[in-house]
Amino acid sequence: MSRLDGIRPQRWERGGRVVATDPALIDAEAVQRYLAAGAQSPGIPIETVRGFIANSVNFGLFDGAPEAGSPMLGYARVVTDFFAFAYIGDVFLLDDMVRGQGAGSWMMDCVFAHPDLQGLRRWMLMCGERPVEWYKRYGFTEPERPGFALHRTDRGIYLRDRP
C-alpha cells in the first residue's frame, strides 16, 4: 500500500477560488494539453498524465468549486517519499489572465501548507530561467557547487513510436 492511499484530500478557499488536492478533481486532459503544447513534454500521452496524477500529491487551482464544474486555472504536483524528500513538478497557470494576481503564489503556499508534506529535509524543482527569482521567494536556491544536482532528460520520449 502506498502512503498516497492514506492521504486525505485537502482544500483551501480564498476569494472565490479553490485549491484542491483530490486527484479525481484534476482535469487530466487540460494538464495534458498544456504540457504537450510546451517545450518540456511535447506529445506527452494522456495515459502518462493520468499515471502521474495517480502517483503524485496534486494541487489544482480552480475558479470556484471544482465539484460544481468550475474550470481549473492552475496545477502543481509533488512527488515525495513523505519522510525526507519532495520534488515539485509541472507548476503552471492555464490562463494567462490570472497571472500577476497572486493565484500561483497562493497555490505554492498551499503546497507548503499541506499537512502530509511537513518536516521534509529537501525540496527540489527544475524550472526555466524566467521563474527562478519567483521560486527563490520560497527558499529555493541554485546549487552552490557544480555537479551537486544532476538530471537526465529525454525531451523526445513522447514523440517516438512505442513498441
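The model shown is predicted, which means the values in this text are computed figures rather than measured ones. (Residues numbered from 1 in each chain as written. Predicted model: local features only at pLDDT ≥ 70, side-chain atom pairs only at ≥ 80, totals over all residues. Heavy atoms only, no water.)

Colleague: Help me out: how do you make sense of the pairing of strand β5 (residues 85-93) in this one?
Modeller: Side-chain positions along a regular strand alternate between the two faces of the sheet. With six bridges connecting them, strand β4 (residues 72-80) and β5 associate as antiparallel partners. Bridge assignment links Arg-77 to a residue of β5, and that residue is Gly-89. With antiparallel pairing between neighbouring strands as the criterion, β4 and β5 make up a hairpin whose turn holds four residues, including Phe-82 at a positive phi of roughly 70°. Judged from the four bridges that link them, β5 and strand β6 (residues 122-125) form a sheet pairing that is parallel. (Pairing = 2+ DSSP bridges. Helix = DSSP H or I, 4+ residues; strand = E, 2+ residues; numbered from the N terminus.)

Colleague: Teacher, can you tell me more about the confidence of the model for the protein chain here?
Modeller: Mean pLDDT over the protein chain works out to 90, with 97% of the residues at or above the 70 mark. At the level of individual helices and strands, the protein chain shows its lowest average pLDDT in helix α4 (residues 132-136), which scores 85, and its highest in strand β2 (residues 17-20), which scores 98. (pLDDT = per-residue confidence, 0-100.)

Colleague: Where do I start with the sheet that holds strand β1 (residues 11-14) in this structure?
Modeller: Two modes of strand pairing occur in sheets, parallel and antiparallel, and in both the strands are linked by backbone hydrogen bonds. In space, the six strands of this open sheet follow the order β1-β2-β3-β4-β5-β6, with mixed pairing throughout. Each end of this open sheet is capped by a strand with a single partner; those strands are β1 and β6. Direction aside, neighbouring strands of the sheet carry axes that sit 20° apart on average. Contacts from helix α3 (residues 103-113) reach β1, β2, β3 (57-62), β4, β5 and β6 within the one sheet, and its direction differs from that of β5 by about 160°. (Axes fitted to C-alpha atoms, helices over the stretch in contact; angles between N-to-C directions. Contact = heavy atoms within 4.5 Å.)

Colleague: Whenever I open this one, the side chain of Ser-105 confuses me. Can you help?
Modeller: Secondary-structure assignment places Ser-105 in helix α3. The exposure class of Ser-105 is buried, given its relative accessible area of 18%. Every residue in contact with Ser-105, bar those within four places of it in the chain, is listed here: Trp-134, Arg-137 and Tyr-138. (Buried < 20%, exposed > 50% of the residue type's maximum accessible area, 1.4 Å probe, protein only.)

Colleague: Mind showing me how you'd approach the packing of helix α1 (residues 28-37) against helix α2 (residues 46-54) here?
Modeller: Pairs of packed helices are described in terms of their axes, by the angle between the two and the distance that separates them. Contact geometry for α1 and α2: axes closest at 9 Å, N-to-C directions at 120°. Here α1 lies oblique to α2, going by the angle between them. Here α1 runs over α2; the crossing is right-handed. For the pair α1 and α2, the contacting residues are Ala-28, Glu-29, Val-31, Gln-32 and Leu-35 in the first and Ile-46, Val-49, Arg-50, Phe-52 and Ile-53 in the second. Looking at the contact of α1 with α2, its residues break down into seven nonpolar, one polar and two charged. (Parallel < 35°, antiparallel > 145°, perpendicular 65-115°, else oblique. Left-handed = near helix turned anticlockwise from the far one by under 90°. Nonpolar A, V, L, I, M, F, W, Y, C, P; charged D, E, K, R; others polar.)

Colleague: Looking at this model, I keep getting lost on α3. Mind explaining?
Modeller: The buried fraction of α3 amounts to eight of the eleven residues, a majority that puts the element mostly inside the structure. Every buried residue of α3 is accounted for by Ala-103, Gly-104, Ser-105, Trp-106, Met-107, Met-108, Cys-110 and Val-111.

Colleague: Help me understand the packing of aromatic side chains, please; the structure alone is not making it clear to me.
Modeller: Given two aromatic rings, one states the distance between the centres and the angle between the planes to describe the pair. Evaluation of the coordinates by the stated rule reveals nine aromatic pairs. Their ring planes at 45° and their centres at 5.8 Å tell us that Tyr-75 and Phe-92 sit as a pair that is tilted. Of this pair, Tyr-75 sits in strand β4 while Phe-92 is found in strand β5, placing the two residues 17 residues apart along the sequence. For the residue pair Tyr-75 and Phe-92, the accessibility class agrees, reading buried in each case. Taken together, a centroid distance of 4.9 Å and an interplanar angle of 75° make the contact between Trp-134 and Tyr-135 edge-to-face. Ring pairing ties together the aromatic residues Phe-112, Trp-123, Trp-134, Tyr-135, Tyr-138 and Phe-140, which thus form one cluster. (Phe/Tyr/Trp six-rings, centres within 6.5 Å; stacked < 30°, edge-to-face > 60°.)

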